[in-house]
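Architecture at a glance
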Amino acid sequence: MSGYRLSSGGRVDRSRPLRFSFDGAGYQGFAGDTLASALVASGVTLFGRSFKYHRPRGLLATGVEEPNALVSVDRGPARVTPNVRAPQVSLHEGLVAESQNRWPSLKFDVVSINDRFSALFPAGFYNKTFMWPRSAWEKLYEPVIRRLAGLGDSPVTRDPDHYDATYAHCEVLVVGGGIAGIEAALDAARTGSRVILIDEQDELGGAALADPALWSTLDALKAQLFAADNITVLTRTTAFGYYHQNFVGASQQLTDHLAPSEAQGPREKLWRIRAGEVVLAQGAIERPLVFNGNDVPGVMLASAGRTLALRYGVAVGRAVVIMAAHDSGWRDALALIEAGVHVAAIVDIRTVVSADLADAARAAGIALHLGSAITAVAGRHAVKGVTVAEGGTGPAHKIACDAVLMAGGWTPSVHLWSQAKGGLVWNEAWGTYLPGKPQEKCRVVGAGAGAWHFGSGAITSVLPNSLPVSKQKAFVDFQNDVKARDIQLAVQEGFRSIEHIKRYTTNGMATDQGKTSNLNALQIASGVLGRPVTEIGLTTFRPPYTPQTFGALMGHHKDALFQPVRKSVIDDWATAQDAVFENVANWRRARYFPKGGEDMDAAVARECRAVRQSVGIFDASTLGKIEVVGPDAAEFLNRMYTNPWKALQPGRCRYGLLLREDGFITDDGVSARMADDRFHLTTTTGGAPRVLGMMEDYLQTEWSDLDVWLTSTTEQWAVIALQGPRARDVIASLVGGIDLSPEAFPHMAVREGTIAGVPTRLFRVSFTGELGFEINVPASEGRKVWEAIFDAGQPYGITPYGTETMHVLRAEKGFIIVGQDTDGTMTPGDMGLDWAVGKKKPDFVGKRSLARPEMTRKGRKQFIGLLTEDPQELLEEGAQVVTNPDAPIPVPMIGHVTSSYHSATLGRTIALAVIADGRARIGETIFVPMADKVIRAKVTAPMFYDPEGSRLND
Amino acid sequence: MILIHCPYCEEDRPEVEFTYGGEAHIARPLDPSALTDSEWEGYLYIRSNTRGLHAERWRHAHGCARFFNAVRDTVSDRFEVTYKTGEARPARITQTGGAA
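These notes cover the structure that comes with them.

Moving on: the overall build of chain B. Across its full length, chain B carries one helix and six strands. Listing each helix as α and each strand as β along chain B from the N terminus yields β-β-β-α-β-β-β. Burial status across chain B gives 37% buried among its 100 residues. Summarising the internal contacts of chain B: among those between residues at least 6 apart in sequence, 40% fall at separations of at least 24. Accessible area of chain B: about 5800 Å², with a carbon and sulfur share of 49%. For chain B, the distance from the average site of its 12 positive side-chain charges to the average site of its 15 negative ones is 3 Å.

Set out below in structure tokens:
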């Protein structure tokens, strides 16, 4: 035997050595090893440092429940994964791993000074300390704690890996590929069902992988599995969450076990599985024993010692002592002897064990100490020996050893079962919870259901010792440094429920989520409280079962695929013009068209001047459009909107205001009556789906007697806004079948005809206050018509403009933008839009709410304009407005600025705001306090340009 | 990922295809102007907030776009039954689901 590697045995391939490094030192292992088994084989006992006290930590387990051996695995630039459990890391050639949470090194960790002062840092200490002086928290305590706390280092660069995802359906999903799971999968497959079998390890077998007597059975079962064409087997796949109706999330590791040069394709694949039935075969996890010194590196679970020897061919020590409360510890001891590991002694808390086991142990030459307990462990970075006392308090003697294996009993894995809200039943004999009544179509097989074949044991909390618990270093949670005395302390301080005890002590809150500590904590709490375990409660099981990467959950939804980007048919043209874009809802819209190095302000000033002096062209295709058709179309719109629609003649348009039932403005838009029974409705860009949904709600569930139907036509029409005094001139030669003269085609009218040979609904409407048209054409022809208009406009200096200019021009006219000037709490009266409310209508959505006293009282915020005393001072949107900036704090605020722009038209800044009793304050001076100054402004009507609207009616 | 049975499509579909529509069977008053402020408040804002079986509306937004009703247990999130707009809540929902 070299190092601690056994010369034969195990499933590793001794003909394939692999080199790897840990903390910069080079080691060797074999194909089939994990990082943990290869390090133990090399004599490494120290794997990390505990979270709080930085105590030396060794390997505790060989499965996913491992709390101590957390390492960072380095797969190359930007590919360092922290907090990986060493027994879960498949060894490959060139693996690079580092220990964590220590400085400057694992052996000499300066921060272990915490441990010397551990009396000052008992459970819950941070709830009581670092409070005084208050000023020290931000500058001293927090930064220092932040540097000392934490496990591995988070990556600071973008994850270069990509991740895949898939959906799968099956009649039976089996979680857990041990023998029980494999048999369940084969049974289900025989009926013809589609079966998916998943296991988190690199090969199927579960606990049988540490039992050579079962290997030939295992091989035969696996052969049947792979021969079946209706069974999908996924290894390295963890079911991390069990959701409603048998929906299970599982992540499959694809490349982490490969050398980086061999790793190709996605790193992980997320499986979203919907199963007719879920069979859980997740086995059981062994419990540690709680005794003084149980956290010295070299103290581990008996099943881990067994697995290291029989699966990996590694001796956990040269002289092993078993501390048992359960028969399984004895079976493990005998198996170790057979594998060539020297077991010096078995210490069992029970005074009587089965004769078979005792005889076999004696025959194997193992010294037996029944009715005894380990009371101390010698060694700091590695076990050197133990002290054993009869009854824990009686005569004591020392045993030299370099490894201690704990057999504390078994806890069925009920994590997924509980996530699916399955009931749990306390089994007093075994001191553990077993699955009870399911809520989903789910059943448990194997050790997870308590069906294990390795005997029975005693229930323990803290092993007896002449030292009081308060003086013992008897650990319950190894990662978070929670000792038995901490749980006692929590109870002393008044915590009764396990949820409170857990959070106060942080027991079970580490990356292992209490897999090895929850039950022990319950037993100790039960003892101290003097109440049965079932009355203390059990903490809630939540996904994920083990830590999951964000990458796997995100899958392909990143960068360009993170959110859909909606583009109008004009978008490409604007891109070619080097427009600067902004996002409005999911749409990409041109914000401005800078020329020759202009900044936004210069571009917008030029665009505004061009529109008011000649003509501008704007893409309004993103506006929501709804075709409202039917004999009851007008009646329906009458009930929905504030305006009266019945008298609107075909060929005319109206500005519609939509309220919620609570009376507040929710949307607006100009709509046209095409015929008696047909309206072309428009909504805001962002409000389109909401408005259609609201209309469908009323139509389907309140007024289903109305004969009218709604069709979303947002994407069917491209809308080209042409605004400015030359607008009519530009399209005169392009339009067919429509008399464009002002007498025949007044403002707020619609005509059907053609433009550039394409059918059009031509609206004469204006959001700018200039003569304007909105040219609706089928979207497929939009680009062609846009280019035809742009060409026709060249002699007039036609200027493309974006959303920023659109905002400025409408603000000069005091037109509101719902969602900018309104915030969901403004009524038509507040916004000066009472004229849009039909006074004679008996009812419409929101009408009743407008009659509430609150909606008409004095002091409501009203929509007004603001002109700063310094004409170039630009107010900030959202800035608060006060009447007296020198009032004592808190200064009463009367409203806020909703829109604010440089106006090229007026040569100064303008702003719109909503302030209390705004209209009564017109002419007054108000104040806008900013961080460094107070800005003075005059309240005006919300209208800065052409108040009579004469430019509209040319 | 809850599966919801759309009574119009007659299929179980994943919850992401649906939007929630609040408590069911609250009819908009025929003459809102005749209501007192308190009665109107009741219609606008007061809801039963039931712990247990709750009659509510859902819309198959990314499907047939129809509104329908459902009885769902607000504690377990289990949908007991779904039924079309305009239909009355099924008289008896048994513990194990399905209308009696």
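On we go.
Looking now at the interface of chain A and chain B. On the chain B side, the residues contacting the 25 residues of chain A number 24 residues. Summed over both sides, the interface of chain A with chain B buries roughly 2000 Å², with 45% coming from carbon and sulfur. Per-residue buried area on chain A facing chain B is highest for A:H244, A:Q700 and A:R848; these three make up 30% of the total on that side. Across the chain A-chain B interface, the total number found is four salt bridges. For the salt bridge of B:R28 with A:E661, the shortest nitrogen-to-oxygen distance reads 2.6 Å. The tally of links from chain A across to chain B stands at 15 residue pairs in polar contact (both at pLDDT 80 or more). Of all the secondary-structure elements, those providing two or more residues to the side of chain A that touches chain B are α19 (688-701) and α23 (847-850) of chain A. For the side of chain A that touches chain B, the element with the most residues is α19(A), which contributes six residues. Partitioned by chemical class, the residues of the side of chain A that touches chain B number eight nonpolar, seven polar and 10 charged.

Two pairing modes exist for strands in a sheet, parallel and antiparallel, and in both the strands are linked by backbone hydrogen bonds. Residue and element names in this part refer to chain A. Ordered in space as β19-β20-β21, the three strands form an open sheet in which the pairing is antiparallel. Two strands in the sheet have a free side with no partner beyond their single neighbour: β19 (372-378) and β21 (396-400). The mean inter-strand angle of the sheet, taken between neighbouring strand axes irrespective of direction, is 30°.

A separate point is the pairing of strand β1 (residues 13-22) of chain A. All names here are of chain A. Bridge count for β1 against strand β2 (residues 25-31) is seven bridges, and the pairing is antiparallel. By the bridge assignment for β2, L18 is matched with G29. Here β1 folds back onto β2 in antiparallel fashion, the turn holding two residues, of which D23 has a positive phi close to 50°. Pairing of β1 with strand β7 (residues 95-99) involves three bridges; the strand directions are parallel. Residue pairing for β7: F20 is matched across the bridge by L95.

Further remarks concern the packing of helix α5 (residues 179-190) of chain A against helix α6 (residues 215-227) of chain A. Residues and elements named next belong to chain A. α6 packs onto α5 with a crossing angle of 35° between their chain directions and a minimal axis gap of 10 Å. Crossing hand, α5 versus α6: left-handed. Residues I179, I182, E183, A185, L186 and R190 of α5 form the contact with α6, whose own contacting residues are L218, L221, K222, Q224 and L225. When its residues are assigned to classes, the contact of α5 with α6 shows seven nonpolar, one polar and three charged.

What follows is about helix α13 (residues 518-529) of chain A. Residues and elements named next belong to chain A. The first and last C-alpha atoms of α13 sit 16 Å apart over 12 residues, in line with the 16 Å expected at 1.5 Å per residue. Burial runs high along α13: 10 of the 12 residues are buried. The set of residues buried in α13 consists of N518, L519, N520, A521, L522, Q523, I524, A525, S526 and L529. Immediately beyond the C-terminal end of α13, within one or two residues, lies G530, with a positive phi of roughly 70°.

As a further point, take the sheet that holds strand β5 (residues 67-73) of chain B. Spatially, the four strands line up as an open sheet ordered β3-β4-β5-β6 (chain B), and their pairing is antiparallel. The open sheet terminates on both sides in strands that have one partner only, identified here as β3 (19-23) and β6 (79-84) of chain B. Strand-to-strand twist in this sheet, taken as the mean axis angle between neighbours without regard to direction, amounts to 30°. Across seven bridges, strand β4 (residues 53-59) of chain B lies against β5(B) in antiparallel orientation. Opposite B:R57, over in β5(B), you have B:N69 as the bridge partner. Packed on one face of the sheet, α19(A) meets β4 and β5 of chain B and runs near 90° to β5(B).

Conventions and cut-offs
- Residues numbered from 1 in each chain as written.
- Chains lettered and ligands numbered in written order.
- Predicted model: local features only at pLDDT ≥ 70, side-chain atom pairs only at ≥ 80, totals over all residues.
- Heavy atoms only, no water.
- Helix = DSSP H or I, 4+ residues; strand = E, 2+ residues; numbered from the N terminus.
- Buried < 20%, exposed > 50% of the residue type's maximum accessible area, 1.4 Å probe, protein only.
- Contact = heavy atoms within 4.5 Å.
- Areas by Shrake-Rupley, 256 points an atom, 1.4 Å probe, with all protein chains shown as cover.
- Lys, Arg positive; Asp, Glu negative; His and termini not counted.
- Charge placed at Lys NZ, Arg CZ, Asp CG, Glu CD.
- Buried area = accessible area lost by both parts, 1.4 Å probe.
- Salt bridge = Lys/Arg side-chain N within 4 Å of Asp/Glu carboxyl O.
- Polar contact = N/O pair within 3.5 Å; in protein donor to acceptor, adjacent residues only side chain to side chain.
- Nonpolar A, V, L, I, M, F, W, Y, C, P; charged D, E, K, R; others polar.
- Pairing = 2+ DSSP bridges.
- Axes fitted to C-alpha atoms, helices over the stretch in contact; angles between N-to-C directions.
- Left-handed = near helix turned anticlockwise from the far one by under 90°.
- Expected span 1.5 Å × (residues − 1).

None of this, on its own, says anything about what the molecule does.
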